[in-house]
Amino acid sequence: MSTAAPAADRSAQPRAGRLVGLDVARCVALLGMVATHVVAERDLDGSLTAAHWVAGGRASALFAVLAGVTLALGTGGTAPVRGRERVARSYGFVVRAVVLAGLGLLLGAAGSGLAVILTYYGVLFVLGLPFVGLRARWLWLAAAVWCVAAPVVSQVVRPALPERGFTSPEPTSLAEPARLVSELLLTGYYPAVPWLTYLLVGLAIGRCDLRRLDVAASLAVAGGVLAVAATAVSRLLTERADVVSRLLVDVPAPDGEALLDRLAGGTGGTTPTGGSWAWLLTVAPHSATPFDLAQTAGSAMLVVGACLLVTLRLPAATSRAVEVGFGAGRMSLSLYTLHVVLRTPDVWPPDDHLAPHVLVLLLIGAGFAAAGRRGPLEAAVTAVSRAAERSVRGPAPGPGPGPDQSPR
């Protein structure tokens, strides 16, 4: 879903400086989101389907982490920009965020029945801007603190906020600004305040030298360890009888095992409002608890690190083939928008067959990548945001006086 990728090279070689592994990770995130939207959550026997077991909660978290990587790369990469240049690029991202949020509102009115992420995504970009001046080590620390503190704040604040009122924010939601703001920040399906954890993780990743194999390997290993540890500790705690009894008060179920199975499908963005503090121990998808944030952020780190590891040292011809094959990752904003439109009943009759949806997106992405073109929405959003940056920088200085010209 990144919209900050530079223009593609039309030659047979991958464009100099392009990290194909990030495109692969974006493609993985896009297809994971599509899978959770298309495939039924439960099999006929009542068990969680493989698509939801693998991608539920993780695909959207990967999108948010990659948003942080985009923000980092767009504000200097390993060396954060300073002064007026930081102001210019930050303004460009504010404009980008407004455009994304507006597009998200329009898609929310399309009737797809999906919880559209783009409006929340725009809010995340704005919330992340105060952190763009930090180096990687401080961003890792900020992400760790936010992962624990934000869910606690949410648990305290949400009982005083309006109840969620929108399946997905849409233009009519602007008539209820207080409800809309509280939903975008804390009570919605992708609440931006706890989800800022993902953006901070992505910023930290983007401040590292992603062309180094040891950095990619460290990301993959650390992410895998974090995801497994968060899951294991949460399961250990939530299987305790005293914890289960407190959770069952808020969500009636026959027994603890039935409750945990129900939670495996997710909690719709948050834990029960005003419920037991024991909810912060769960690792359910889309619960925005410390364990959920840690597990899904770790999974995202694992995917990003693994994609970079696989692609960093590929021969030029193979790298080009991967770039084309995973071209959907280069235009994930355009293809995500197309996917939402295709999920409206009047456009594509609803079904649980994933292959046609994946095939359409991969073929379009490959076609654009082979032609060396970026997605239409990516091009439009980038043009608008760069124009905003230029308005802050002012006109570029003209050429200096020539050898036979002296300033007067």
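Analysis parameters
Residues numbered from 1 in each chain as written. Predicted model: local features only at pLDDT ≥ 70, side-chain atom pairs only at ≥ 80, totals over all residues. Heavy atoms only, no water. Helix = DSSP H or I, 4+ residues; strand = E, 2+ residues; numbered from the N terminus. Expected span 1.5 Å × (residues − 1). Buried < 20%, exposed > 50% of the residue type's maximum accessible area, 1.4 Å probe, protein only. Patch = residues over 30% accessible without salt bridge, like charges linked within 9 Å, V, L, I, M, F, W, Y side chains within 5 Å. Areas by Shrake-Rupley, 256 points an atom, 1.4 Å probe, with all protein chains shown as cover. Salt bridge = Lys/Arg side-chain N within 4 Å of Asp/Glu carboxyl O. Phe/Tyr/Trp six-rings, centres within 6.5 Å; stacked < 30°, edge-to-face > 60°. Lys NZ or Arg CZ within 6 Å of the ring centre and 35° of its normal. Polar contact = N/O pair within 3.5 Å; in protein donor to acceptor, adjacent residues only side chain to side chain.

**What to know about helix H8 (residues 192-206)**
Its 15 residues give H8 an end-to-end C-alpha distance of 20 Å, which sits within 8% of 21 Å, the value for a rise of 1.5 Å per residue. Burial runs high along H8: 15 of the 15 residues are buried.

**Description of a nonpolar patch on the surface**
A cluster of nonpolar side chains, contributed by Val-148, Val-152, Val-153, Val-156, Val-157 and Trp-277, occupies part of the molecular surface with about 490 Å² of accessible area. Mapped onto the elements of the fold, Val-153 is located in helix H6 (residues 136-157). Judged by relative accessible area, which is 43%, Val-153 ranks as partly exposed.

**Considerations on the packing of aromatic side chains**
Applying the stated criterion across every chain yields a total of eight aromatic pairs. Ring centres 5.6 Å apart and planes at 35° place the aromatic pair Phe-93 and Phe-125 in the tilted group. With a gap of 32 residues between them, Phe-93 in helix H4 (residues 83-108) and Phe-125 in helix H5 (residues 118-128) connect regions that are remote in the sequence. There is no split in this pair, since Phe-93 and Phe-125 are both buried. Judged by centre distance (5.3 Å) and plane angle (80°), the ring pair of Tyr-190 and Trp-195 falls under edge-to-face. When sorted by exposure, Tyr-190 lands in the same class as Trp-195, which is buried. Grouped by ring-pair contacts, the aromatic residues Tyr-120, Tyr-189, Tyr-190, Trp-195 and Tyr-198 constitute a single cluster. Above the ring of Phe-93, the side-chain terminus of Arg-96 is found at 5.0 Å from the ring centroid.

**Structural notes on helix H3 (residues 58-73)**
Given a rise of 1.5 Å per residue, 16 residues ought to cover 22 Å, and the 22 Å separating the end C-alpha atoms of H3 matches this to within 8%. Of all the 16 residues making up H3, 14 are buried; the element is thus mostly covered by neighbouring parts of the structure.

**With respect to the pattern of salt bridges**
Two side chains of opposite charge can pair, provided their charged atoms sit close to one another. This model, assessed by the stated rule, comprises 13 salt bridges. In this structure, the salt-bridge partner of Arg-26 is Asp-23, at a minimum N-O distance of 3.1 Å. Highlighted residues: Arg-26 and Asp-23, both in helix H1 (residues 20-38), separated by three residues, approximately one helical turn. Note on accessibility: Arg-26 and Asp-23 belong to one class, buried. Its salt-bridge partner being Glu-176, residue Arg-179 comes within 3.0 Å of it at the nearest N-O pair. When its relative accessible area of 25% is taken as the criterion, Arg-179 is described as partly exposed. Among the charged side chains, a salt-bridge network with shared partners connects Arg-18, Asp-23, Arg-26, Arg-320, Glu-323 and Arg-330.

**Some words on the side chain of Thr-382**
Here Thr-382 is to be found in helix H16 (residues 376-393). A polar contact is formed between the side chain of Thr-382 and the backbone oxygen of Glu-378, at a distance of 2.8 Å.

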